[in-house]
Amino acid sequence: MNRVIIILFAGIIFLGACKEKQNKITIGTLGTEGLAVGSYLTYDSKGNPVLCWSEQDAKDSLYRLKYATYNERNNTFSIPSYCSSLPAGSVFQQEYG
């Protein structure tokens, strides 16, 4: 009888330990104006998360590369920026931040 009580007591303690409250983190959202495709999460040279994607422009239906940096302190993205047109074969380099 004592053994059954000990097993039940141990089971209650074990199940009670599993109900620890977990903190939920809400990440800020990012609105787009057009159809967004090909999202890619990367980092800038300072280690800040940067979200890149292609978005269709409503004016001419062309897709443009956009990016936004993520602020971990505020859990928000910056206002999206876009990369201006570059000549074919050129390399895009810019310091984010």
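Residues numbered from 1 in each chain as written. Predicted model: local features only at pLDDT ≥ 70, side-chain atom pairs only at ≥ 80, totals over all residues. Heavy atoms only, no water.

## Some points on the overall build of the chain
Moving on, step 1. What the chain contains, in helices and strands, is one helix and five strands.
Moving on, step 2. In sequence order, the secondary structure elements of the chain are arranged as α-β-β-β-β-β.
Moving on, step 3. Within the span of the chain, comprising 97 residues, buried residues form 14% of the whole.
Moving on, step 4. For the chain, long-range pairs separated by at least 24 residues make up 24% of all intrachain contacts whose partners lie at least 6 apart in sequence. (Helix = DSSP H or I, 4+ residues; strand = E, 2+ residues; numbered from the N terminus. Buried < 20%, exposed > 50% of the residue type's maximum accessible area, 1.4 Å probe, protein only. Contact = heavy atoms within 4.5 Å.)

## Observations regarding a nonpolar patch on the surface
Moving on, step 1. Together, Leu 35, Val 37 and Tyr 63 make up a nonpolar patch on the protein surface, roughly 270 Å² of accessible area in all.
Moving on, step 2. With respect to the helices and strands, the residue Tyr 63 is situated in strand S3 (residues 63-71).
Moving on, step 3. For Tyr 63, a relative accessible area of 42% gives the class partly exposed. (Patch = residues over 30% accessible without salt bridge, like charges linked within 9 Å, V, L, I, M, F, W, Y side chains within 5 Å. Areas by Shrake-Rupley, 256 points an atom, 1.4 Å probe, with all protein chains shown as cover. Salt bridge = Lys/Arg side-chain N within 4 Å of Asp/Glu carboxyl O.)

## Concerning the pattern of salt bridges
Moving on, step 1. Counted by the stated rule, this structure contains three salt bridges.
Moving on, step 2. The salt bridge partner of Glu 55 is Lys 66, with a shortest N-O separation of 3.5 Å. Of the two residues, Glu 55 is situated in strand S2 (residues 49-56) and Lys 66 in strand S3; the sequence distance between them amounts to 11 residues.
Moving on, step 3. By relative accessible area, which is 4% here, Glu 55 ends up buried.
Moving on, step 4. Across the pair Arg 64 and Asp 57 runs a salt bridge whose closest N-O atoms are separated by 3.1 Å.
Moving on, step 5. For Asp 57, a relative accessible area of 23% translates into the label partly exposed.
Moving on, step 6. In this structure, a network of salt bridges that share partners links the residues Asp 57, Asp 60 and Arg 64.

## Comments concerning the side chain of Glu 55
Moving on, step 1. A distance of 2.9 Å separates a polar atom in the side chain of Glu 55 from the backbone nitrogen of Glu 33.
Moving on, step 2. Among the polar contacts listed, one links the side chain of Glu 55 to the side chain of Lys 66, at a separation of 3.5 Å.
Moving on, step 3. The contacts of Glu 55, once residues within four sequence positions are left out, are Thr 32, Glu 33, Gly 34, Leu 35, Ala 36, Leu 62, Tyr 63, Arg 64 and Lys 66. (Polar contact = N/O pair within 3.5 Å; in protein donor to acceptor, adjacent residues only side chain to side chain.)

## Digging into the pairing of strand S1 (residues 36-43)
Moving on, step 1. Among the eight residues in S1, zero count as buried, and that is only a small part of the element.
Moving on, step 2. Inspection of the sheet shows S1 paired to S2 by six bridges, in the antiparallel sense. Residue pairing in the sheet places Thr 42 in a bridge with Val 50 of S2.
Moving on, step 3. Where S1 folds back onto S2 in an antiparallel hairpin, the turn is made up of five residues, including Gly 47, whose phi is positive at roughly 90 degrees. (Pairing = 2+ DSSP bridges.)

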